[in-house]
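Residue-level structure breakdown
Chain by chain, the residues:
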Amino acid sequence: MDFRVESDTIGPVNIPVNVLWGAQTERSRQNFKAGNKMPLDVIRVLLVIKRSAAVANGQLRKLTEEKSDLIIKSADALLQLEDAELRRDFPLRVYQTGSGTQTNMNVNEVIAHMAKQLNSSLEILPNDDVNMGQSSNDVFPTAMNIAATQALKNVITEVQKLTITLKNKQDLYWETVKIGRTHLQDATPLTFGQEISGWVSMLEHDLGFINGTKESLYELPLGGTAVGTGLNTTKEFTEIVNDELSKYYQGKFNVKNNKFYGLAAHSAINAVHGTLKTLAADLLKIANDVRFLASGPRAGYGELNIPANEPGSSIMPGKVNPTQAEALTMAAVRVIGNDTVISVAASQGNFEMNVYKPVIIEAFLESANLLALTVNGFNEKMIAGMTVNEKKMAALVDNSLMTVTALSPHLGYHKSAEIAQKAQKQGLSLKEAALDSGEISESDFDKWVDPKKMTQINSK
């Protein structure tokens, strides 16, 4: 026989013989087959919650010392597994019950069966022992918040690294003059360092938005049990579990809050993901600027040189593409899409519970993981090796007509506009058109039209 038989409150279930899950997991595995599997980041947090609950129940003597210790050892054994090994016993999909109940039971059942392997003489029950003092309705959203806090750490780290790299480039090219562009048209000069400083400031603001909202995720709904009333648990239990979680994750979690809010709403995740969306929007802008400025290298802007990480074409030899920018921009639009998913799902807190929990946390974790990984690649494989084509930048500045702006204080707006229009129509340089107008001498033109002075870098 390649299966064993277990029963739940509905009846007997055939379960593959070599797996650690039980009847409720198997029912869900058969009933829900769409979408990705539940993120292992959520599974690992649930294992830590079960471990912490066993500590609390042992201290409060709700469980015997032997049972408490065995649950702790079982959870620890699972937490030590590599992802591929851990995944074997956590097969459930994101698109299941909206409360995450089946994943909570999956964790309860696997711990119980692991306990049986470690000590077959002591029975551990999934509901009565592993889930003691808890409900899926408060445990799963607790796991959501904690998993989100952990995922944010990687995002913050990678954005900080990118910011440092950009600051180094900013300093290196602070006096490198180039033409500015507004409305995709030539504008007055600035330096490339100044342009980068705008990117740096975007990322610094984005980190401020993330750090300013992330503390809301530390408010845990644990202790609300089924509908927020805390039935079948105690404040003492909840506080011990909270202390254990804070110790394990080295964070200051808080369970002194409104549990009805914690079960019915996911406002914190929604708000924090909004800052990830903002970050994604800014990264999209920065990546676009870099790849457009690097376009060419001869038939485009050609102001930047980017690393050749891989061949860019299967038919055009020697082609180099801005692939890291492309990966980052694709990730950014996915994050922006995920924000809509989370916003709509977070609005569906019908009565005492939101039942879109799995898709909310999957979308959040996908956004965080995508951003962390693509920012890392963009930083290390593109920005770090990016250099400027100073000759091309200088040539574009020299050929631009918008340096005419420096003449306005001396000749007036209309006279200056006439000179620029004359240069454009007749194919002249700005200097040629200005001298031809008879309105200005060569010495005055050279004194007034100084692109580097126009950047005002020395006045900053």
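Before reading on, note that the structure itself is shown above.
What counts, and where the lines are drawn
- Residues numbered from 1 in each chain as written.
- Predicted model: local features only at pLDDT ≥ 70, side-chain atom pairs only at ≥ 80, totals over all residues.
- Heavy atoms only, no water.
- Helix = DSSP H or I, 4+ residues; strand = E, 2+ residues; numbered from the N terminus.
- Buried < 20%, exposed > 50% of the residue type's maximum accessible area, 1.4 Å probe, protein only.
- Contact = heavy atoms within 4.5 Å.
- Areas by Shrake-Rupley, 256 points an atom, 1.4 Å probe, with all protein chains shown as cover.
- Lys, Arg positive; Asp, Glu negative; His and termini not counted.
- Charge placed at Lys NZ, Arg CZ, Asp CG, Glu CD.
- Expected span 1.5 Å × (residues − 1).
- Pairing = 2+ DSSP bridges.
- Core = buried A, V, L, I, M, F, W, Y, C linked by side-chain atoms within 4.5 Å.
- Salt bridge = Lys/Arg side-chain N within 4 Å of Asp/Glu carboxyl O.

Take the overall build of the chain next. In terms of regular secondary structure, the chain is built from 19 helices and eight strands. Projected onto its principal axes, the C-alpha coordinates of the chain cover approximately 100 × 50 × 35 Å. Burial analysis of the chain (460 residues in total) assigns 50% to the buried set. If you take every contact in the chain between residues at least 6 apart in sequence, the share linking residues at least 24 apart comes to 73%. When the accessible area of the chain is evaluated, it comes to approximately 22000 Å², of which 51% is carbon and sulfur surface. Side chains of the chain carry 46 positive and 51 negative charges; the gap between the two charge centres is 1 Å.

This part covers helix 8 (residues 192-213). Relative to the 32 Å expected for 22 residues at 1.5 Å per residue, helix 8 spans 32 Å between its end C-alpha atoms, a close match to the ideal helical length. Within helix 8, burial applies to Phe192, Gly193, Gln194, Glu195, Ile196, Trp199, Val200, Leu203, Asp206, Leu207 and Ile210.

Going residue by residue along strand 2 (residues 12-16), you find Val13 and Ile15 tucked away on one face and Pro12, Asn14 and Pro16 left uncovered on the opposite face. Counting the residues that bridge the hairpin from strand 1 (residues 3-7) to strand 2 gives four residues, and of these glycine 11 lies at a positive phi of roughly 150 degrees.

In this structure, Phe192, Ile361, Phe364 and Phe378 are the most contacted members of the largest nonpolar core, which totals 107 residues. With 14 residues, helix 7 (residues 136-172) is the single largest residue contributor to this core. With sequence-adjacent residues up to four places away left out, isoleucine 361 is seen in contact with Val42, Phe140, Met144, Ala147, Ala148 and Ile269. Of all hydrophobic cores here, the second largest spans 15 residues; its members include Leu411, Ala420, Leu430 and Ala434.

Here the structure, examined in full by the defined rule, presents 21 salt bridges. Its salt-bridge partner being glutamate 303, residue arginine 181 comes within 2.8 Å of it at the nearest N-O pair. Of this pair, arginine 181 sits in strand 3 (residues 177-182) while glutamate 303 sits in the loop between helix 11 (267-293) and strand 5 (304-305), and the two are 122 residues apart along the sequence. Note on arginine 181: relative accessible area 26%, which makes it partly exposed. Between aspartate 289 and lysine 285 there is a salt bridge, and its shortest N-O distance comes to 2.4 Å. Highlighted residues: aspartate 289 and lysine 285, both in helix 11, separated by four residues, approximately one helical turn. Assessed through its relative accessible area of 34%, lysine 285 is described here as partly exposed.

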